[in-house]
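Descriptive structure summary
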Amino acid sequence: MPHPTPSQTVGPFYGYALPFPGGPQPAPPGHADAVTVHGAVYDGAGQPIPDALVEFWQAAPDGSRTGRPGSLRRDPVTGGYLGRDGVHFTGFARVATDADGHWSVHTLRPPASAPYLSVCLFARGLLHHLFTRVYLAEPAADPLLAKLPAARRATLLAQPDGDRVYRRDLHIQGEKETVFLDFTH
């Protein structure tokens, strides 16, 4: 009887293929309500991962979840991107980590009805991408957070790191492992 074909690991990522101009800025530049969320991606040994890719989706401040279309639509003449016009909020960001594993996204604060950024992490060595969330504040009631012990819940909560700046590191394994969500069931 044949055996199933094994999965292949994700990555490495090539800088010309997946990141795109303006990818870390779903908020229009200079928007008065913009916040910056940043962190680093670490492996199980606590070492930064310099070639990870982090995607973010979120509801708009008004609670809508559709966002403006076109974040990845290319201009066939210039090679630029048509969807990021600097005026509208798309709700989608894609950020490559730098040489120190750091990432940063400039976005709008999510609404109370969905008070988090949904995160999808791609990194070398992973058989499948990982899903998690980043909460900018702990909501009074959230079904996911309510099910987690305090120490595990803390891995999803961003910490203030300046004026309208928040930090949340992502740990793939180890003592500080981030809570990851399983959507296969």
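These numbers come from a predicted model, not from an experiment.

Some details on the overall build of the protein chain
Of the regular secondary structure elements, the protein chain holds 2 helices and 9 strands. Here the protein chain, with 185 residues, has 43% of them falling under the buried criterion. Pairs at least 24 apart in sequence give 68% of the contacts found in the protein chain among residues at least 6 apart. Carbon together with sulfur atoms contributes 56% to the accessible area of the protein chain, which is approximately 10,400 Å² in total.

Here we look at the environment of Ser 104
Position of Ser 104 among the secondary structure elements: in strand S4 (residues 102–108). The exposure class assigned to Ser 104 is partly exposed, which follows from its relative accessible area of 29%. Once residues lying within four places of it in the same chain are set aside, the contact partners of Ser 104 are Pro 24, Thr 36, Val 37, His 38 and Val 95.

Structural notes on the confidence of the model for the protein chain
Across the protein chain, pLDDT averages 85, with 81% of residues at or above 70. No element of the protein chain has a lower mean pLDDT than strand S3 (residues 92–96), which averages 90, and none a higher one than strand S9 (residues 170–171), which averages 98.

A closer look at the sheet that holds strand S5 (residues 116–122)
In sheet architecture, strand pairing relies on hydrogen bonds along the backbone and comes in two forms, parallel and antiparallel. Taken in spatial order, the 4 strands make up an open sheet running S3-S2-S5-S6, and their pairing is antiparallel. On the outer flanks of this sheet lie S3 and strand S6 (130–135), each paired with one strand and no other. Going across the sheet, the axis of each strand differs from the next one's by a mean of 25°, ignoring polarity.

What about the packing of aromatic side chains?
Enumeration over the complete set of coordinates arrives at 4 aromatic pairs. Judged by centre distance (5.4 Å) and plane angle (55°), the rings of Tyr 116 and Tyr 135 are tilted. Highlighted residues: Tyr 116 in strand S5 and Tyr 135 in strand S6, separated in sequence by 19 residues. Sitting over the face of the ring of Tyr 116, Arg 133 holds its NZ or CZ atom 3.8 Å from the ring centroid.

What to know about the nonpolar core
Formed by 23 residues in total, the largest nonpolar core has its most connected members in Val 37, Val 41, Val 54, Phe 56, Trp 103 and Ile 172. If we skip the residues at most four places from it in the chain, Trp 103 touches Val 37, His 38, Gly 39, Ala 40, Val 41, Val 54, Phe 56, Val 95, Thr 97, Arg 168 and Leu 170. Among the nonpolar cores identified, the runner-up in size contains 11 residues, and Ala 59, Tyr 135, Leu 144 and Leu 145 belong to it.

With respect to the pattern of salt bridges
In this structure the tally under the stated criterion is 4 salt bridges. With a closest N to O distance of 2.7 Å, Glu 55 and Arg 94 form a salt bridge. A residue pair is termed long-range when its members are at least 10 positions apart, and Glu 55 in strand S2 (residues 53–57) and Arg 94 in strand S3 qualify at 39 residues. With respect to burial, Glu 55 and Arg 94 carry one shared label: buried. Across the pair Arg 153 and Glu 138 runs a salt bridge whose closest N-O atoms are separated by 3.0 Å. Linking Arg 153 in helix H2 (residues 150–153) with Glu 138 in the loop between S6 and helix H1 (143–146), this pair joins segments that are 15 residues apart in sequence. Residue classification places Arg 153 among the buried residues on the basis of a relative accessible area of 19%.

With respect to the side chain of Arg 94
When its relative accessible area of 13% is taken as the criterion, Arg 94 is described as buried. There is a polar contact of 2.7 Å between the side chain of Arg 94 and the side chain of Glu 55.

Looking at the pairing of S3
The element S3 is largely enclosed, with a buried count of 4 among its 5 residues. Pairing analysis gives 5 bridges linking S2 to S3, with the strands arranged antiparallel. Along S3, the bridge assignment pairs Leu 53 with Ala 96.

What counts and what doesn't
Residues numbered from 1 in each chain as written. Predicted model: local features only at pLDDT ≥ 70, side-chain atom pairs only at ≥ 80, totals over all residues. Heavy atoms only, no water. Helix = DSSP H or I, 4+ residues; strand = E, 2+ residues; numbered from the N terminus. Buried < 20%, exposed > 50% of the residue type's maximum accessible area, 1.4 Å probe, protein only. Contact = heavy atoms within 4.5 Å. Areas by Shrake-Rupley, 256 points an atom, 1.4 Å probe, with all protein chains shown as cover. pLDDT = per-residue confidence, 0-100. Pairing = 2+ DSSP bridges. Axes fitted to C-alpha atoms, helices over the stretch in contact; angles between N-to-C directions. Phe/Tyr/Trp six-rings, centres within 6.5 Å; stacked < 30°, edge-to-face > 60°. Lys NZ or Arg CZ within 6 Å of the ring centre and 35° of its normal. Core = buried A, V, L, I, M, F, W, Y, C linked by side-chain atoms within 4.5 Å. Salt bridge = Lys/Arg side-chain N within 4 Å of Asp/Glu carboxyl O. Polar contact = N/O pair within 3.5 Å; in protein donor to acceptor, adjacent residues only side chain to side chain.

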